[in-house]
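Commentary on secondary and tertiary structure
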Amino acid sequence: MALQGNKFMHYQHHITHFSWFLKISLLIACISTNSLAALNDYDRLVDHPPIPILDEQGQHVLLSHNPYSPKKSCAGSGCHDYDKITHAYHFEMGRDEADDNYGAKRGLPHLVSPGYYGGYTCMGGNNQQVLAKKNNANAADFADLGSAGWVKTCMSCHAGGGWAEKDREGIRYDQKNPATIKPLDGDYYERIIDPQTGTESLQLWDWQKSGVGEADCLFCHAKFSKLKLPSDSGLTKALSPRFARGALIEKGFFRQAASGLMEYVKNTDGKHLLSIARNNGEFNLNAQGMPIFNWHADAFNETGRVTIPMLRFPESDNCMECHLTSNTRRGFYGFGEEAKATLATEGGDEEAGAGSTLEDDYRDDIHKGTNYTADNGEKRSIESCNACHSSQYYKPNDANIDLDANHDFPKGNSDMDVRNDLDYNPNVKSCEQCHINSINAVVGIKYDSLLHAHTERWKKNGDLNGYEAASHTPITQTHFDIVSCQTCHIVNKNDKDGKKLQMMYRFRIAKDGQAKISPYNPRVRYYWQDKTSGKILVQTERNAIFAKVPGTAQANIIDPMSQAVLGQVSTSTDSSSIVTFNTPGDYENTVAVKTAYDSLLRQKGYSNPNTTLVWSESNEYVISHNTRAAKDAMPCLECHARTPSGTVSQLIDDQGTLGTKNSKTLTIISDQRLVDEGIITIGLSYTKLQSGALSQNVADILQVTKADPFMSLLKNSSASEIIGEFTKISTNALFQAIGSEFSSLVSSELTEANSFFFGSNKGAVNLRSMGAIVSGGAVNDIILPTYRAALGILNGAESSVQDYLNTHAYGQLRSRVFYLNILDDSKKPVTAFNGKTMLVSVAYKGNKTDLNDINVIFADTKVTKVIPLSLADLVAIKPADAIDDGFVLIKIREPGYFLITDK
């Protein structure tokens with residue numbers, strides 16, 4: 001169908017700048033949030049219905065004496081959909097998004113996923129461990145740890161399931177046929193150190209022996225304050241929940257990890273279910289080398305079932321058991337009692353109320369203990385993380401229990417790139433949602449809106465003196481449009497040691513799609529990279545050039561090929577006897593390290609290696625908690641100066657919080673020659689070296705992030721690929737959202753009750769507004785939620801593609817070369833949409849308004865056929881304007897490549 005003239009103008013308001021897909025995204029965000037119970041009744045500890053405790057074979061633990069299986073115990077009865085629950089991003093942490101080429105597409109080829117599993121971890125400082133890729137050509141390519149090593153190192157914090165249970169193809173590790181394991185598969189091989197000789201080798205990990213780390217439901221749903229050490233445990237001191245699990249995990253007992261926490265759990269009668277046999281604190285092992293479990297029969301009823309008190313929603317203690325690192329990174333201390341604001345008895349004002357000034361306790365949050373009424377009328381006291389991060393926390397008490405509740409907690413746009421397709425979908429309860437957009441918006445005494453409240457406060461403070469009355473509201477609105485609430489209302493934060501946390505500020509994409517200034521704390525790290533090949537050295541490679549000097553805190557720098565001693569570095573040793581080789585503090589030893597790394601790569605077969613130390617940031621830790629009272633918010637003169645006439649300047653003061661004066665020193669570089677000679681590289685454009693100090697200032701950061709508001713070093717806000725899952729939406733609701741005129745164009749393809757949408761607000765500008773939608777049905781309703789899609793740009797292809805277009809007289813290229821790739825849950829390519837046609841919006845740079853005047857060239861994923869789509873497969877067109885790309889809506893029947901030309 002060609003759309004032109006008045007007809008095009010008539011429905012243009014429905015689809016301006018991809019608004020069809022924007023409306024779909026907003027629709028999904030709305031319908032994904034359940035209707036939101038008596039005040040905080042959901043926080044009560046409740047008795048879970050009596051259940052049998054079963055092992056992995058489905059046998060009762062009183063008979064088998066084995067560790068219990070959360071999957072068999074919680075899902076074996078058919079009550080909970082374990083696989084659906086454990087697919088949430090808190091469990092997966094990048095496993096389902098992992099790909100050996102993931103990092104290479106984003107300039108960091110050593111990374112294999114956007115999440116903790118295979119991406120940047122929270123540990124390791126400047127020399128973190130790196131997950132081995134799935135496919136490794138030789139032992140030299142194998143990174144630091146395989147999946148088993150990752151479990152052993154990290155699962156004490158992570159709840160199990162996801163990457164601790166399944167490989168990157170979705171197969172449970174202990175169910176993989178050993179005969180099908182490829183040599184050096186990063187999921188099944190592990191770096192093993194001989195305890196006698198200290199030599200390393202890559203060996204198959206015995207997943208049948210260790211078991212997998214199933215999701216430990218009680219890690220989130222047990223009330224930690226009720227956990228007690230059984231009297232017959234053999235321990236003299238109770239361990240925290242994390243370390244109770246970790247004591248087993250670190251010894252390779254993954255199957256037993258959940259039972260490590262279960263040992264502390266009591267039934268409703270106060271009886272322990274289990275004790276683990278120990279001698280002097282060490283596990284007693286049976287003939288098979290496994291810990292011995294003593295299940296207490298008196299804790300079970302006559303039918304072998306047990307009643308355990310559980311939390312329906314995790315408490316702050318559960319969350320902070322793992323998020324404790326936020327103390328330093330974000331100045332966040334949880335939402336327990338210590339977050340309760342202590343108000344001064346004096347110092348309030350008319351708007352905020354008497355005694356509304358917070359005493360100086362950096363752990364407090366003004367929201368703690370206040371009440372909020374959701375749009376459905378349900379009221380909650382804000383006492384825990386659930387008030388903002390649990391989508392079902394506000395459902396009525398009489399609502400049915402959702403046994404398979406979606407465990408993808410609302411996360412907003414975080415500084416972790418895992419599952420970017422879930423950003424704001426649904427949204428975490430934001431400042432704007434509660435204070436502006438809610439039916440019961442919290443706006444303070446005597447004001448009808450937050451905008452009004454701010455305008456009146458600024459007028460009262462004299463901040464608007466000198467400005468015409470008609471400009472007061474627009475001035476306030478401008479701040480709402482550009483500055484996040486957190487920027488002004490989160491101040492005076494300290495880390496866990498009480499040291500002031502210097503907050504920096506950057507642009508970050510908000511829910512409305514606009515970039516807004518937000519506070520953050522950069523995680524500054526360096527890595528070593530070969531300029532010639534692009535390879536980034538992993539920890540094993542970096543440590544290989546050092547040899548500890550016995551009896552000293554020094555290590556020699558060794559040339560791997562000649563074995564010559566090139567220099568020395570200092571070392572430090574932690575409480576676990578792990579040695580860290582410190583960064584050299586001078587020119588000569590830094591050069592020696594570079595020389596050794598070049599030699600190491602030559603030894604591995606790399607041609608002309610030229611390594612450099614790259615100073616950069618791995619994460620930009622978002623600061624969103626510990627909100628201060630309005631009276632304690634950042635004053636205007638922190639960012640703006642006064643003019644000679646006494647008014648507050650409209651301009652940002654370069655000496656203020658958002659200017660160059662707010663500068664942070666990242667490190668000291670001992671010798672300018674290291675940078676001049678390329679031995680040290682400055683990895684981010686807003687990081688500068690002056691007089692030996694490597695620093696960054698907010699003015700420079702804002703300038704760069706306004707154009708590219710990235711939140712981690714992966715820079716997914718401008719990446720050439722977006723990935724994610726299909727989201728189910730009601731087709732009728734979809735049609736209502738996009739309008740009847742436009743619906744008529746696509747209704748013939750969307751004939752089922754449900755449709756499935758894929759798109760993301762990340763990626764290069766034209767990718768953010770592209771998307772795909774396909775009809776559901778008997779097959780798609782089941783299968784499509786398990787698919788993963790990737791929509792990307794084939795970089796560098798334009799010139800060769802234009803030659804091909806010229807040869808076939810297809811016209812002038814007016815788009816990038818795009819691809820759509822879809823994988824099933826085992827990472828196998830999908831070649832069709834189960835008999836359905838997929839609608840895809842493609843970014844278009846041309847100015848044609850008639851579909852007859854363009855060609856859309858399509859190629860299948862293997863490029864075995866390259867064809868122009870027929871006019872019947874072209875649905876709608878919108879030309880580009882001076883600011884934005886236009887688009888063409890097309891129909892395809894299989895994934896592949898596509899581009900647009902003007903005839």
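In the block above lies the structure referred to throughout.
Residues numbered from 1 in each chain as written. Predicted model: local features only at pLDDT ≥ 70, side-chain atom pairs only at ≥ 80, totals over all residues. Heavy atoms only, no water.

Focus on the overall build of the protein chain
Selection rule: Helix and strand assignments follow DSSP, with helices taken as H or I runs no shorter than four residues and strands as E runs no shorter than two, numbered in order from the N terminus. Radius of gyration: over C-alpha atoms. The globule rule applied is 2.2 Å multiplied by the number of residues raised to the 0.38 power. Only protein chains enter the accessibility calculation, which uses a 1.4 Å probe; a residue whose area is less than 20% of its type maximum is buried, one above 50% is exposed, and one in between is partly exposed. Per-residue accessibility takes into account occlusion by the displayed protein chains alone, with areas from the Shrake-Rupley method and a 1.4 Å probe.
Counting its secondary structure elements, the protein chain contains 27 helices and 36 strands. Relative to a compact globule of 903 residues, whose C-alpha radius of gyration would be 29 Å, the protein chain shows 29 Å and is just as compact. On the principal axes, the C-alpha backbone points of the protein chain span a range of 85 × 75 × 65 Å. Across the 903 residues that make up the protein chain, the buried fraction comes to 54%. Element-wise, carbon and sulfur atoms account for 52% of the exposed surface of the protein chain, whose accessible area totals about 38,700 Å².

Focus: the sheet that holds strand β20 (residues 663-668)
Filter applied, for reference: Only strands that DSSP links by at least two bridges are regarded as paired with each other. Think of each axis as a best-fit line through the C-alpha atoms, taken over the contacting stretch in the case of a helix, with angles from 0 to 180 degrees between the N-to-C directions. Residue contacts follow a heavy-atom distance rule, with two residues in contact if any of their heavy atoms lie within 4.5 Å.
Sheet architecture is open: 3 strands sit in the order β20-β23-β22, paired in antiparallel fashion. Both outer strands of the open sheet, β20 and β22 (687-690), are each paired with one neighbouring strand and no more. Adjacent strand axes in the sheet meet at a mean angle of 35° when their direction is disregarded. Contacting β22 and β23 (693-697), helix α22 (residues 698-707) runs over the sheet at an angle of about 60° to β23.

Details of the sheet that holds strand β31 (residues 838-844)
Pairing in this open sheet of 6 strands is antiparallel, and the strands run β25-β26-β27-β31-β35-β34 from one edge to the other. The open sheet has two edge strands with one neighbour each: β25 (727-730) and β34 (874-878). Averaged over all pairs of adjacent strands, the angle between strand axes in this sheet comes to 20°, irrespective of strand direction. Sitting on the sheet, helix α23 (residues 731-738) is in contact with β25, β26 (754-759) and β27 (771-775), with an inclination near 75° to β25.

Here's the deal with the packing of helix α16 (residues 450-461) against helix α17 (residues 469-482)
Keep this limit in mind: Angle categories are assigned with fixed cut-offs, so that under 35 degrees is roughly parallel, over 145 is roughly antiparallel, 65 to 115 is roughly perpendicular, and the rest are oblique. Two helices crossing with the near one rotated counterclockwise from the far one by less than a right angle form a left-handed crossing, whereas a clockwise rotation gives a right-handed crossing.
Running from N to C, α16 and α17 point in directions that differ by 115°, and their axes come no closer than 9 Å. Between α16 and α17, the angle is such that the two are roughly perpendicular. In the crossing of α16 with α17, the sense of the turn from one axis to the other is right-handed. Residue-level inspection shows Leu-450, Leu-451, His-454, Thr-455, Trp-458 and Lys-459 of α16 in contact with α17, the latter providing His-472, Thr-473, Thr-476, Gln-477, His-479 and Phe-480.

Quick notes on the packing of aromatic side chains
Put simply, the test is: Each Phe, Tyr or Trp ring, with Trp reduced to its six-membered ring, pairs with another whose centre is within 6.5 Å; inter-plane angles below 30 degrees give stacked pairs, above 60 give edge-to-face pairs, and intermediate values give tilted ones. Only when the NZ atom of a Lys or the CZ atom of an Arg is both within 6 Å of the ring centre and within 35 degrees of the ring normal do we say a charge sits over the ring.
Counted under the stated rule, the structure contains 21 aromatic pairs. Here Trp-207 and Phe-254 contribute two aromatic rings whose centre-to-centre distance is 5.9 Å and whose plane-to-plane angle is 55°, an arrangement assigned as tilted. One end of the pair, Trp-207, is in helix α8 (residues 207-210); the other, Phe-254, is in the loop between α10 (241-249) and α11 (257-262), and 47 residues separate them in sequence. Of the two residues examined, Trp-207 and Phe-254, each falls in the buried class. What links up through ring pairs into an aromatic cluster is the set Tyr-42, Phe-313, Tyr-372, Tyr-393 and Tyr-394. The ring of Phe-507 carries the charged tip of Lys-706 above its face, separated from the ring centre by 4.9 Å.

Regarding the pattern of salt bridges
Spelled out, the test is: Any Lys or Arg side-chain nitrogen found within 4 Å of a carboxyl oxygen on Asp or Glu counts as a salt bridge.
Taken as a whole, this structure holds 48 salt bridges when the rule is applied. Across the pair Arg-191 and Glu-200 runs a salt bridge whose closest N-O atoms are separated by 3.3 Å. Salt-bridge contacts for Lys-516 lead to Asp-512; the nearest nitrogen and oxygen are separated by 3.6 Å. Assessed through its relative accessible area of 8%, Lys-516 is described here as buried. Among the charged side chains, a network of salt bridges with common partners joins Glu-56, Glu-165, Arg-172, Asp-174, Glu-214 and Arg-255.

Quick word on α22
Inspection of α22 places Val-698, Asp-700, Ile-701, Leu-702 and Thr-705 among the buried residues, and these make up the whole buried set. Those residues of α22 that are buried are in contact with β13 (504-509), β14 (515-530), β22 and β23.

Let's talk about unusual backbone geometry
Residues Asn-425 and Pro-426 are joined by a peptide bond in cis, for which omega reads -5°. Assignment of secondary structure puts Pro-426 in the loop between α14 (386-389) and α15 (431-437). Phi is positive for Asn-492, which is not a glycine, with a value near 55°. Classification of Asn-492 by relative accessible area gives partly exposed; the value is 43%. Even without glycine at this site, Ala-809 takes up a positive phi of about 55°. Tracing the sequence through the fold places Ala-809 in the loop between α27 (798-807) and β29 (812-813). A relative accessible area of 66% means that Ala-809 is categorised as exposed.

Looking at α16
Spelled out, the test is: Given the number of residues in a helix, its expected span is that number minus one, multiplied by 1.5 Å.
Spanning 12 residues, α16 covers 16 Å between terminal C-alpha atoms, matching the ideal 16 Å at 1.5 Å per step. Among the residues of α16, Leu-450, Leu-451, Ala-453, His-454, Thr-455, Arg-457 and Trp-458 are the ones counted as buried.

Digging into the side chain of Asn-766
Within the secondary structure, Asn-766 sits in helix α25 (residues 765-768). Judged by relative accessible area, Asn-766 falls into the buried class, the value being 8%. Apart from the residues within four sequence positions on either side, Asn-766 is in contact with Ile-793, Arg-816, Phe-818, Ala-843 and Asp-885.

Remarks on the environment of Cys-319
Locating Cys-319 in the fold gives a position in helix α12 (residues 316-323). When its relative accessible area of 24% is taken as the criterion, Cys-319 is described as partly exposed. As a C-alpha pair, Cys-319 and Gln-57 span 262 residues in sequence and 31 Å in three-dimensional space.

Details of the environment of Phe-243
Mapping Phe-243 onto the fold places it in helix α10. The class for Phe-243 is partly exposed, based on a relative accessible area of 44%. C-alpha separation for the pair Phe-243 and Lys-395, spaced 152 residues apart in sequence, amounts to 34 Å.

Some words on the nonpolar core
Quick reminder of the rule: Remark: nonpolar core denotes a set of buried residues (Ala, Val, Leu, Ile, Met, Phe, Trp, Tyr, Cys) joined through side-chain atoms within 4.5 Å.
Residues Ile-53, Tyr-68, Leu-218, Met-262, Leu-273 and Trp-295 are the most contacted members of the largest nonpolar core, which totals 37 residues. Ranked by size, the runner-up nonpolar core spans 36 residues in total, among them Ile-722, Phe-726, Ala-772 and Phe-898.

Focus: the environment of Thr-325
As for its placement among the helices and strands, Thr-325 is situated in the loop between α12 and α13 (326-329). Between the C-alpha atoms of Thr-325 and Cys-122, which are 203 residues apart in sequence, the distance is 8.3 Å.

With respect to the pairing of strand β3 (residues 189-193)
Examined bridge by bridge, β3 and strand β4 (residues 200-204) share 5 bridges and lie antiparallel to one another. Along β4, the bridge assignment pairs Arg-191 with Leu-202. Count of turn residues in the β3/β4 antiparallel hairpin: 6 residues, of which Gly-198 carries a positive phi of about 80°.

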